[in-house]
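# Structure assessment
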Number of protein chains: 2
Amino acid sequence: MSPNTPQNGQFASIKIIGSGLIGTSIGLALASRGVSVEMADIDPNAAKLANDLMASAPVEQPEIVLYAGPSSGLKSALESEFKVNKALKFIDIGSVKTKSLLEVSQSSIPTERFLATHPMAGREVGGAQSARADLFQSRNWIYMPAGLGGSPVDADLIAAGLWMIQALGASPVSMTAENHDRAVALVSHLPQVSASLLAAQLRGADSKLLDLAGAGLRDTTRIAASSAALWDEILSSNSAELLPLLISLQSDLATFIERLGVSASVSDLIEAGNQGRAKIPGKHGGAAREYALLPVVIEDKPGQLAALFDECASAEVNVEDLTIEHSPGQFTGLITLALSAKDAQILQAHLTKSGWSVHAPR
Amino acid sequence: MSPNTPQNGQFASIKIIGSGLIGTSIGLALASRGVSVEMADIDPNAAKLANDLMASAPVEQPEIVLYAGPSSGLKSALESEFKVNKALKFIDIGSVKTKSLLEVSQSSIPTERFLATHPMAGREVGGAQSARADLFQSRNWIYMPAGLGGSPVDADLIAAGLWMIQALGASPVSMTAENHDRAVALVSHLPQVSASLLAAQLRGADSKLLDLAGAGLRDTTRIAASSAALWDEILSSNSAELLPLLISLQSDLATFIERLGVSASVSDLIEAGNQGRAKIPGKHGGAAREYALLPVVIEDKPGQLAALFDECASAEVNVEDLTIEHSPGQFTGLITLALSAKDAQILQAHLTKSGWSVHAPR
């Protein structure tokens, strides 16, 4: 680390290669902590948007290069940075860690200069435009304190990684690459395959039938919108861990089909799902933000949203998020505002007084 | 209908059999519209809670009996009500409509006195305690204007059903029972099986691995928490429509496993999921519409959203949806507006001229 910031691993400058969702979210969060950030990408438009979002400028001699691009480009990207600056240290955030470590062990980068990490956060929408500085808030962020076969990683690089993880609001979790890859096969890669295969069944469907889709279908298929190129790479890299899980799923599906075909009960199979679901810790994905949801029924006509937000401004409340539900031909729509519990109460009282159709927060 | 409320199907009293989530939510909403509601259930505690929630009293001679219990109890519950009051009309809200209609056609109830309906709303948590009067707001609510084989349903019963659906904020959608059952197999029953089987894979897992679970696993398995008894009944009742879908899923899973086993690309299978996912209509419940997404970077301070919507109003564009991304401590927020392609262009030009930080629509 530079002599100005020797404590606790804090660093002053970073170059982030890969201006997608994760790279840009890291950049946004570090920039807000005063770190000089340069965003790069093989797509200049993506890099421009990312740099624009954090009003950043090129960094002459970054202390750290963080790689947030496709894993197939890891080795060459890091090697070309290292060629220009032999003092560099490297961090990556890829989804399959044995592969990252293997690539680096076969590169010109000294393995002690590479810290493998993986933030357990993401969205089904990619790109800098979807980035958010709080993406990692309260999430686990795995890191490997040693390389393949227990090879050492520089202590100050580990310290830098830990500082970054904590500065971004995440919880550092130390794991071996092997345990990490086993865990993500179960909690991330298997759900991805399941969602993609489920969503694929909708392709040929009559659009009229899909008009009946509700929250269940939307939630179970949300991550099916994820990038095919990205996931092809991830799933292939982790096939050794993923395949046994898929074969178990296949066996359960066969049992289900057999039972349904002979009108036998499938209750125990649904119950097995109840039990599995109950094993997932925490209701909200870590100690995620707890918002109150305030439903407001509005007339479905232009200007209503502006009027509603004028009310929010005059009540001096901070709207964190919102959803809009309405159907063509229906005269009303439902806006659900997400706010702090206190702001929800203030706004409910304010809107009620002004004659809005507002429901109790939940 | 009673002579007091002959217009538009409005009725003054109802007995709801089944004090679970759906029945109680309907009761709450009707009670708030001034209808006298009596809640009943084979579980007296559930009925008591439901009646308490809406401060209701027994109704001497209800005009309508709405059945919201398990489908296995439909026939006997309706017959015992009909025995006491031959003027009764019946509505149900079960998930598989050919079965409801078949049960009634084999009962002592005249088929023209039975209106089969299905509100497309629910939660993975059940029971009166989870009920909400706004559960149906802006949702589709299917109804069958004719019985099996096109047998007629009383016009005033249809009118009563339509009044109720609209009074609860939902959009009535007329369908045949056959089309309904085909649609829900795809948009509701298949996702349920997929989520249950996925969640079942977590049962034996090391809890430490599950600590890494993120939003993807939570969303894909949310509905796996649903009642096994309820879903056993629903899935069995609709096995004719569900089985072909499960067999197609099984075939795709086999292909996926085969590809992964020989390190072949699975990109096209993930893409098939992208395509299927894209067919799901927006939150609006209407036909799938293609919106342009316009990202606008705003200062994270009160009044900015109102100012932005004032601009939308003055540009005379119609905002269909929006998302807000920002976090405490971040100096900018990103609003992504969903509009028609034409409106997105108009608004981009308008906002650029007014000095907003607006990015290219995508």
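The shown structure was predicted, so the numbers you read here are calculated from the model rather than taken from an experiment. (Residues numbered from 1 in each chain as written. Chains lettered and ligands numbered in written order. Predicted model: local features only at pLDDT ≥ 70, side-chain atom pairs only at ≥ 80, totals over all residues.)

## Things to note about the interface of chain A and chain B
With 117 residues of chain A in contact, the opposing surface of chain B contributes 115 residues. When residues of the side of chain A that touches chain B are assigned to their parent elements, the largest contribution, 17 residues, is made by helix H6 (residues 177-200) of chain A. Here the residues of the side of chain A that touches chain B sort into 62 nonpolar, 37 polar and 18 charged. (Contact = placed C-beta atoms within 7 Å. Helix = DSSP H or I, 4+ residues; strand = E, 2+ residues; numbered from the N terminus. Nonpolar A, V, L, I, M, F, W, Y, C, P; charged D, E, K, R; others polar.)

## A few points about helix H10 (residues 239-261) of chain B
What sets the pattern is the α-helix's 3.6 residues per turn: residues three or four places apart point alike. With 23 residues, H10 of chain B should cover 33 Å at 1.5 Å per step; its first-to-last C-alpha distance of 32 Å lies within 8% of that length. Those residues of H10 of chain B that fall on the buried side of the exposure criterion are Glu241, Leu242, Leu245, Leu246, Leu249, Leu253, Phe256 and Leu260 of chain B. Where H10 of chain B is buried, its residues meet H6, helix H9 (228-237) and helix H10 (239-261) of chain A together with helix H6 (177-200), helix H9 (228-237) and helix H11 (267-278) of chain B. Where H10 of chain B terminates, the next one or two residues include serine 263 of chain B, which has phi positive at roughly 55°. (Expected span 1.5 Å × (residues − 1). Buried ≥ 20, exposed ≤ 12 C-beta atoms within 10 Å, placed from the backbone.)

## Remarks on the sheet that holds strand S4 (residues 89-92) of chain A
All names here are of chain A. Strand order in the open sheet formed by seven strands is S2-S1-S3-S4-S5-S6-S7, with mixed pairing between adjacent strands. Since the sheet does not close on itself, it has two edges, and those belong to strand S2 (36-40) and strand S7 (171-174), each with one partner. Each adjacent strand pair in this sheet contributes to an overall mean axis angle of 25°, direction not counted. Most of the contacts of helix H4 (residues 97-105) go to strand S5 (residues 114-119), to which it runs at about 160°, and overall it touches S4 and S5. (Pairing = 2+ DSSP bridges. Axes fitted to C-alpha atoms, helices over the stretch in contact; angles between N-to-C directions.)

## As for the sheet that holds strand S2 (residues 36-40) of chain B
Through backbone hydrogen bonds, the strands of a sheet pair up, either in parallel or in antiparallel fashion. All names here are of chain B. An order of S2-S1-S3-S4-S5-S6-S7 is seen for the seven strands of this open sheet, with the pairing classed as mixed. Of all strands in the sheet, those with a lone pairing partner are S2 and strand S7 (171-174), marking the two edges. Strand-to-strand twist across the sheet, computed as the mean angle between neighbouring axes with direction ignored, equals 25°. Two elements, strand S1 (residues 13-17) and S2, share five bridges in a ladder whose sense is parallel. Each residue of the ladder has a partner; that of lysine 15, found in S2, is glutamate 38. Across the sheet, helix H3 (residues 74-84) is in contact with S1, strand S3 (64-67) and strand S4 (89-92); its angle to S3 comes to roughly 165°. Packed on one face of the sheet, helix H4 (residues 97-105) meets S4 and strand S5 (114-119) and runs near 160° to S5.

## Some details on the domain arrangement of chain A
Taken domain by domain, chain A comprises domain 1 (7-175), domain 2 (180-278) and domain 3 (292-358). A separation of 36 Å is found between the C-alpha centroids of domain 2 of chain A and domain 3 of chain A. (Domains from an automatic or database assignment.)

## Here we look at unusual backbone geometry
Residues and elements named next belong to chain B. Despite not being glycine, serine 138 shows a phi value in the positive range, around 65°. Note that serine 138 resides in the loop between S5 and strand S6 (140-143). The exposure class assigned to serine 138 is buried, which follows from the 22 C-beta atoms found within 10 Å. In this structure, glutamate 316 is a non-glycine residue whose phi angle is positive, near 55°. Here glutamate 316 shows up in the loop between helix H12 (304-314) and strand S9 (321-325). In this structure glutamate 316 comes out as exposed when scored by C-beta crowding, with 12 C-beta atoms within 10 Å.

## Focus: the packing of H6 of chain B against H10 of chain B
Residues and elements named next belong to chain B. At a minimum axis separation of 9 Å, H6 and H10 run at an interaxial angle of 55°. Taken together, the axis directions place H6 and H10 in an arrangement best described as oblique. Crossing hand, H6 versus H10: right-handed. Across from Asp181, Arg182, Ala185, Leu186, His189, Leu190 and Val193 in H6, the residues of H10 making contact are Glu241, Leu242, Leu245 and Leu246. (Parallel < 35°, antiparallel > 145°, perpendicular 65-115°, else oblique. Left-handed = near helix turned anticlockwise from the far one by under 90°.)

## So, the pairing of S6 of chain B
Residue and element names in this part refer to chain B. Neither face of S6 is exposed, since Asn140 and Ile142 on one face and Trp141 and Tyr143 on the opposite face are all buried. Taken together, the three bridges between S5 and S6 define a ladder with antiparallel strand orientation. Bridge pairing links histidine 118 to isoleucine 142 in S6. As paired elements, S6 and S7 share four bridges and run parallel to each other. The residue bridging tyrosine 143 from the neighbouring strand is serine 174, located in S7. Following the backbone out of S6, through helix H5 (residues 155-167) and into the adjacent parallel S7, one traces a crossover that is right-handed. (Right-handed = clockwise from strand over helix to strand, strands pointing away.)

## Some remarks on the nonpolar core
If you look at the biggest cluster of nonpolar residues, it comprises 214 residues, and the most contacted ones within it are Ile16 and Leu66 of chain A together with Ile16 and Leu66 of chain B. In this view, isoleucine 16 of chain B contacts Gly23, Ile26, Gly27, Val37, Met39, Ala40, Leu66 and Ala68 of chain B; residues no more than four positions away in its chain are not counted. (Core = buried A, V, L, I, M, F, W, Y, C linked by C-beta atoms within 7 Å.)

## What to know about the confidence of the model for chain A
Do not read the fine detail of predicted coordinates wherever pLDDT is low. All names here are of chain A. Scored by pLDDT, chain A has a mean of 88; 91% of the residues are at 70 or more. Across residues 1-6, where pLDDT falls below 50, the model places twelve contacts with residues more than four positions away in sequence or in other chains. Here residues 327-331 is a poorly scored stretch, pLDDT under 50, and it has eleven contacts once near neighbours within four places are set aside; other chains count. Across the whole predicted complex the pTM is 0.76, and at the interface the ipTM reaches 0.76. (pLDDT = per-residue confidence, 0-100.)

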